[in-house]
Each structure stands twice: as C-alpha cells, then as structure tokens.
Amino acid sequence: MPRATLPQLLAARRIAVLGVTGAGKSTAARLLAETLGGTVIDADNDIRWADAAERGPWAIHAETEQRALAERLTAEAPWVIAAIPDVVDDVVRPRLDLTITLDYPPALTLARLLRRTARRIVTAEPVCNGNRETLAEALGQDSILRWWAQTVREKHASALAREAAADGVPELRLTDPRQLDRVLEALRA
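Presented here is a report on the structure given in the accompanying data block. (Residues numbered from 1 in each chain as written. Predicted model: local features only at pLDDT ≥ 70, side-chain atom pairs only at ≥ 80, totals over all residues. Heavy atoms only, no water.)

## Remarks on the overall build of the chain
For clarity, the cut-off: We count a stretch as a helix when DSSP gives it H or I for four or more residues in a row; a strand needs E for two or more, and each element gets its number in order from the N terminus. It is over C-alpha atoms that the radius of gyration is taken, and the globule rule equals 2.2 Å times the number of residues to the power 0.38. Only protein chains enter the accessibility calculation, which uses a 1.4 Å probe. A residue is then buried if its area is under 20% of the maximum for its type, exposed if over 50%, and partly exposed in between. When checking whether two residues touch, look at their non-hydrogen atoms; a contact exists if any pair is within 4.5 Å. What sets the accessible areas is the Shrake-Rupley method with a 1.4 Å probe; for residues, cover comes only from the shown protein chains. Under the counting rule used here, the positive set is Lys and Arg, the negative set is Asp and Glu, and His together with the chain ends is not counted. Here the site of a charge means NZ on Lys, CZ on Arg, CG on Asp, or CD on Glu.
A count of helices and strands for the chain gives ten helices and seven strands. Here the chain has a C-alpha radius of gyration of 16 Å; the compact-globule value for 189 residues is 16 Å, and the two agree. In the chain, which comprises 189 residues, the proportion classed as buried is 41%. Partitioning the intrachain contacts of the chain with sequence separation of at least 6 by distance along the chain shows that 71% fall at a separation of at least 24. Element-wise, carbon and sulfur atoms account for 53% of the exposed surface of the chain, whose accessible area totals about 9,900 Å². The average position of the 25 basic charges and that of the 26 acidic charges among the side chains of the chain differ by 5 Å.

Structure below.
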C-alpha cells in the first residue's frame, strides 16, 4: 500500500485504523468518523466478540457471523473501522479507500495499555461487547499485556511493509499522536 497523499486522505470515505493493542485505534476511529459524519465500526464490539450477556464471557462470534457482520457494516460509506480481524480481512480490505496506522513508539502504546487495563479492572468498565477485564486475566495466559508483547514488533513491521508497497490501498502511517491531531484538522478544514 503506497504512502497516502493529502488528496487521498481528503477523499477517503472508508477508512481502517490499524495498530498494536493500546495504540488508540477505537478512539481514533471514533474521532475520524465524527469528523467525516460517518459510522464508526469497532471490530471488537461490532464484529469479533459476541454479546457476553447472551453467550457468556469472552465468546467469539463464529467466522460466518463475523463475515456477515462485516459485510453488512461496511456496505455503505462513510465509515471508519477500528482494526480488521483476520477472518474478515478479505471482506473489508477491498472496500477501503485508506488505512491509517497508529505506529506509535512501543513505550507509548504499552503505557496507554497499562493505564487502560488498570482503569477497566478498577471500574469494571464493560469492554468487547459486555465483557469485563480482571486482574487475573491481565496477568494470565490470555493476557492483553502478553498479546501486546507478542504482536508489537509484527504490527510495526506490517505497517512499514504496507507503506512501502508499490500498490494497494493508500497507507498513512502515524508515528506520533500529534500527527493524528493534524489529520483531524486537515479533514475539518
């Protein structure tokens, strides 16, 4: 995916926000969708995780359900999706006008993730379609913190590869949160 230009950014109506866990994808997608007057699609809440009240804690939708949800949610622009689950990549990516990757320094994303996780544990804030993070989960086998450690290098390498590619969806790789502020300002102008 070649590096995005300003005209491509201004024309985009179907945007994916990508990045490592804790980068701020959901927040960035919400801000972009508000600016564009479009729909925000939070892949965790809207596609991946089933309703905890209906199916129990941390239940994932079947692949067929995830694909149907992605088809429906991305059918009409404008929209901004926070993350693209692997199982729906072939549904979402061909519809994209632009990807924005929050490729922030690892120390920043880890600090954000630690603060967010601590807040969610203390407040019992519902996440991922009604689930709740606990201290045991944060320190356990399926820890979001472990997931960050396992994927942070891969996410950075993927962002660099997409930006350097000769063809594909234009890629805007942001390396500092202030760059997102400038993107939002450009879209509002």
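## Considerations on the pairing of strand 4 (residues 98–102)
Using the following cut-off: When DSSP finds two or more bridges between two strands, those strands count as paired.
For strand 4, the tally of buried residues reaches five of five residues, placing the bulk of the element in the interior. Side chains of strand 4 alternate between two faces, with Leu 98, Ile 100 and Leu 102 and Thr 99 and Thr 101 buried alike. In the sheet, strand 4 pairs with strand 7 (residues 171–174) via four bridges, with the strands oriented parallel. Each bridged residue has a counterpart across the sheet, and for Leu 102 the counterpart in strand 7 is Leu 174.

## Considerations on the pairing of strand 3 (residues 79–82)
Side-chain positions along a regular strand alternate between the two faces of the sheet. Here strand 3 shows two buried faces, one formed by Trp 79 and Ile 81 and the other by Val 80 and Ala 82. Here strand 1 (residues 14–19) runs beside strand 3; their pairing, made up of four bridges, is parallel. Bridging from a neighbouring strand, Ala 16 pairs with Ile 81 of strand 3. Here strand 2 (residues 39–42) pairs with strand 3 via four bridges, running parallel. In the sheet register, Asp 42 faces strand 3, and the bridge partner there is Ala 82.

## Structural notes on the pattern of salt bridges
Formally: Salt bridge, as used here: a side-chain nitrogen of Lys or Arg that lies within 4 Å of a carboxyl oxygen of Asp or Glu.
All chains considered together, the criterion is met by 14 salt bridges. The salt bridge partner of Glu 163 is Arg 3, with a shortest N-O separation of 3.1 Å. In this pair, Glu 163 sits in helix 9 (residues 144–164) while Arg 3 sits in the segment before helix 1 (6–11), placing the two residues 160 residues apart along the sequence. Residues joined in a network through salt bridges with shared partners are Arg 3, Asp 103, Glu 163 and Arg 173.

## With respect to the nonpolar core
Cut-off, in case you're wondering: Residues grouped as a nonpolar core are buried Ala, Val, Leu, Ile, Met, Phe, Trp, Tyr and Cys residues, joined through side-chain atoms within 4.5 Å.
In this structure, Leu 32, Val 80, Ile 100, Leu 102, Leu 174 and Val 183 are the most contacted members of the largest nonpolar core, which totals 27 residues. Elements supplying a minimum of two residues to this core: strand 1, helix 2 (25–36), strand 3, strand 4, helix 9, strand 7 and helix 10 (177–188). With five residues, helix 2 is the single largest residue contributor to this core. Residue contacts for Val 183: discarding those within four places in its chain leaves Leu 9, Leu 32, Ile 100, Leu 172 and Leu 174. Membership of the second largest hydrophobic core comes to 15 residues, among which are Ile 41, Ile 81, Val 87 and Val 91.

## Details of helix 10
Put simply, the rule is: One less than the residue count of a helix, multiplied by 1.5 Å, gives the span that helix is expected to have.
For helix 10, which comprises twelve residues, the first-to-last C-alpha distance of 17 Å matches the rise-based estimate of 16 Å (1.5 Å per residue) to within 8%. Buried residues in helix 10 make contact with helix 1, helix 2, strand 4 and strand 7.

By themselves, these figures tell us nothing about what the structure is for.
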